[in-house]
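Chain residues, written in single-letter form:
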Amino acid sequence: MKKVEAIIKPFKLDDVKDGLSALGIKGLTVTEVKGFGRQRGHREVYRGAEYQVDFVSKIKIEVIMDDEMVPEAVKSIRDKARTGEIGDGKVFILPVEEAIRIRTGETGKEAI
Amino acid sequence: MNTGDTVFVLISAALVMLMTPGLALFYGGMVRSKNVLGTIMQSFVVLGIITLEWVLWGYSMSFGIDHGGIIGGLGWFGLKGVGMLPSPDYGSTIPHLAFMIFQCMFAIITVALITGAFAERMKFSAFLIFSLLWATFVYNPLCHWVWGVGGWIGGLGALDFAGGTVVHISSGISALAAVVIIGKRHGYGNTPYIPHNLPMTITGAALLWFGWFGFNAGSALACNGLAANAFVVTHISSAVASLSWIFTEWIHRGKPTTLGAASGAVAGLVAITPASGFVGPLSAVIIGALAGIICYGGILIKSRLGYDDSLDVVGIHGLGGTWGALATGLFACTAINPNGADGLFFGNPGQLWIQFVSVIATMIFAFVMTFVILKLVDLLIGLRVTNEEEMKGLDISLHDEAGYTY
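Residues numbered from 1 in each chain as written. Chains lettered and ligands numbered in written order. Predicted model: local features only at pLDDT ≥ 70, side-chain atom pairs only at ≥ 80, totals over all residues. Heavy atoms only, no water.

Next up on the list: the pairing of strand β1 (residues 2–8) of chain A. Residue and element names in this part refer to chain A. Summarising burial for β1: 5 of the 7 residues are buried, a large majority. Note that β1 and strand β5 (residues 56–65) share 7 bridges and pair antiparallel. In the strand pairing of β5, isoleucine 7 is matched with lysine 60. The sheet contact formed by β1 and strand β6 (residues 89–95) spans 7 bridges and is antiparallel. Bridge pairing links lysine 3 to leucine 94 in β6. (Buried < 20%, exposed > 50% of the residue type's maximum accessible area, 1.4 Å probe, protein only. Helix = DSSP H or I, 4+ residues; strand = E, 2+ residues; numbered from the N terminus. Pairing = 2+ DSSP bridges.)

Residue and element names in this part refer to chain B. Axis separation between helix α1 (residues 3–30) and helix α2 (residues 36–63) bottoms out at 8 Å; the angle between their running directions is 165°. For the element pair α1 / α2, the angle class is roughly antiparallel. α1 and α2 meet at a crossing whose hand is right-handed. From α1, Met17, Thr20, Pro21, Leu23, Ala24, Leu25, Tyr27 and Gly28 reach across to α2, where they touch Val36, Thr39, Ile40, Ser43 and Leu47. (Axes fitted to C-alpha atoms, helices over the stretch in contact; angles between N-to-C directions. Parallel < 35°, antiparallel > 145°, perpendicular 65-115°, else oblique. Left-handed = near helix turned anticlockwise from the far one by under 90°. Contact = heavy atoms within 4.5 Å.)

With 110 residues, the main nonpolar core has Phe26, Tyr59, Phe63, Met122, Phe130, Tyr139 and Phe215 of chain B as its most contacted residues. In terms of residue count, helix α3 (residues 96–114) of chain B provides more of this core than any other element does, 14 residues in total. Residues contacting tyrosine 139 of chain B, with those up to four places away along its chain left out, are Trp54, Gln103, Phe106, Ala107, Thr110, Trp134, Trp147 and Val166 of chain B. Grouped together as the second largest cluster of nonpolar side chains are 16 residues, Val16, Ile59, Val63 and Met65 of chain A included. (Core = buried A, V, L, I, M, F, W, Y, C linked by side-chain atoms within 4.5 Å.)

Let's shift gears to the packing of aromatic side chains. Residue and element names in this part refer to chain B. Counted according to the given criterion, the structure contains 27 aromatic pairs over all chains. A centroid spacing of 6.3 Å and a plane angle of 65° characterise the contact between tyrosine 59 and phenylalanine 99, whose relative ring orientation is edge-to-face. With a gap of 40 residues between them, tyrosine 59 in helix α2 and phenylalanine 99 in helix α3 connect regions that are remote in the sequence. As far as the burial class goes, tyrosine 59 and phenylalanine 99 line up, both buried. (Phe/Tyr/Trp six-rings, centres within 6.5 Å; stacked < 30°, edge-to-face > 60°.)

Residues and elements named next belong to chain B. On the surface, Trp353, Phe356, Ile360, Ile364, Val368 and Val372 cluster together into a nonpolar patch covering about 570 Å² of accessible area. With respect to the secondary-structure elements, valine 372 resides in helix α12 (residues 349–381). Looking at valine 372, the relative accessible area reads 48%, which means it is partly exposed. (Patch = residues over 30% accessible without salt bridge, like charges linked within 9 Å, V, L, I, M, F, W, Y side chains within 5 Å. Areas by Shrake-Rupley, 256 points an atom, 1.4 Å probe, with all protein chains shown as cover. Salt bridge = Lys/Arg side-chain N within 4 Å of Asp/Glu carboxyl O.)

Right, let's get into the pairing of strand β4 (residues 49–53) of chain A. Pairing of strand β3 (residues 42–46) of chain A with β4 of chain A involves 5 bridges; the strand directions are antiparallel. What sits directly across from valine 45 of chain A, in β4 of chain A, is glutamate 50 of chain A.

Between chain A and chain B, the contact holds 9 residues from the first and 18 residues from the second. The contact between chain A and chain B buries some 1100 Å² in all, and 56% of this surface belongs to carbon and sulfur atoms. Its largest share of buried area at the contact with chain B, chain A owes to Tyr46, Arg47 and Tyr51 of chain A, together 65% of the area lost on that side. With its nearest N and O atoms 2.9 Å apart, the salt bridge here joins arginine 253 of chain B to glutamate 50 of chain A. Connecting chain A to chain B are 6 residue pairs in polar contact (both at pLDDT 80 or more). Looking at the side of chain A that touches chain B, the elements that each hand over two or more residues are β3 and β4 of chain A. It is β3 of chain A that provides the largest number of residues to the side of chain A that touches chain B, a total of 4 residues. In terms of residue class, the side of chain A that touches chain B is made up of 4 nonpolar, 1 polar and 4 charged. (Buried area = accessible area lost by both parts, 1.4 Å probe. Polar contact = N/O pair within 3.5 Å; in protein donor to acceptor, adjacent residues only side chain to side chain. Nonpolar A, V, L, I, M, F, W, Y, C, P; charged D, E, K, R; others polar.)

Have a look at this one:
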């Protein structure tokens with residue numbers, strides 16, 4: 001099992017979710033996050049005064065999936081979240097030891 | 001006595017009352033979330049403390065029997081003799097009490113306006129003492145000079161329909177004295193002080209605009225044509241200033257902003273205040289258009305000069321009020337108000353000089369007195385919260401509560 005974590009542009013969330021659903025992913029977790037990468041921050045202007053905002057709003061998606069599904073899922077996320085501009089985000093893949101469904105106690109593949 | 005006039009002035013008083021909570025929202029949205037309650041509280045508590053001050057001695061000092069053109073006496077202490085019958089001098093068709101409570105709301109909002117300058121760093125106790133002293137020794141004399149029977153600025157023939165000098169220049173220039181003494185917020189220049197809730201600020205601006213109809217039209221003290229004129233020119237100036245501000249920043253910074261639309265509207269309201277009973281609709285268009293541009297320029301100068309007027313009281317009320325007072329000397333017209341005077345553009349250049357004198361006198365008096373009062377309070381109990389309290393935010397440090405718990 002792997003966890004695929006993707007940091008994406010907020011307006012791409014629906015596209016990415018639809019792409020993953022089409023692959024048969026049955027659940028994912030979404031968080032609103034702030035951070036910076038190469039894109040750095042952006043400029044905001046209040047009453048003529050300019051502020052550099054260092055942290056940009058992004059969406060973090062976390063999905064747990066079977067190992068063999070990972071390449072397809074990553075490709076889908078890349079296709080859907082890509083604009084070609086700086087700040088499109090990143091995907092991270094992490095190993096997952098175990099998954100347990102709280103209601104039934106099922107573990108492993110059955111639980112995700 | 002006239003029932004229509006009485007109804008109108010009482011409703012106007014209620015409208016002006018609403019401006020102070022409106023101002024609390026206007027200011028509250030512009031500070032950081034950790035200071036939202038502390039900022040709102042500074043306006044809201046003024047409703048309490050200045051009402052008390054006004055009823056006990058403020059009204060008497062402002063409108064009581066004149067002493068040398070400088071101050072009213074204490075003869076009306078505790079509203080003694082201020083009753084249900086009209087006063088011969090102030091609103092002869094309405095109960096004296098109606099005039100008194102209408103004016104009470106002016107005193108309240110004037111003190112509240114200053115709070116934007118030292119937002120996010122002043123001790124609550126120091127603020128209470130400052131408010132009381134400022135209302136007593138700055139507002140009351142100024143109010144008497146301009147509006148009290150026998151007051152020396154009114155005696156010069158200066159025109160101030162609803163408070164350009166008394167309310168806006170006085171609060172704006174006092175704000176300047178306050179930021180000089182209190183100093184900058186912690187982290188000035190490094191920390192971005194980004195407004196935490198602009199929809200709240202817009203709501204506040206809307207309430208100010210709404211309440212301002214009571215402020216200006218109500219200053220006619222009668223439900224008549226002059227009140228309608230004041231209502232109309234007030235609306236025009238605010239509308240045009242809102243536009244001129246956003247077009248100015250659009251050209252200057254590339255984008256029109258909602259905060260700009262709200263700030264411009266307030267700038268237009270400030271500028272038309274002294275003129276509203278003396279100028280016509282087209283003059284109001286010009287006054288409003290320039291108010292948006294002048295005040296936008298004013299807030300840009302702030303960062304150049306390096307003082308930390310948190311919410312631009314100097315730029316909007318000080319500068320906007322000054323423009324309004326001088327504009328009254330340009331655009332006033334006896335065809336609008338036969339009890340007024342003609343301004344420069346209507347063949348009477350002398351009026352502009354009188355307006356200028358009233359502006360300068362107000363500025364000097366307000367600056368010096370505020371400086372002295374704040375120095376005094378600073379010596380007595382200190383003006384600022386500690387660094388740690390400032391970092392934590394006024395809400396938790398001063399009031400043990402938080403604006404938002406999610």
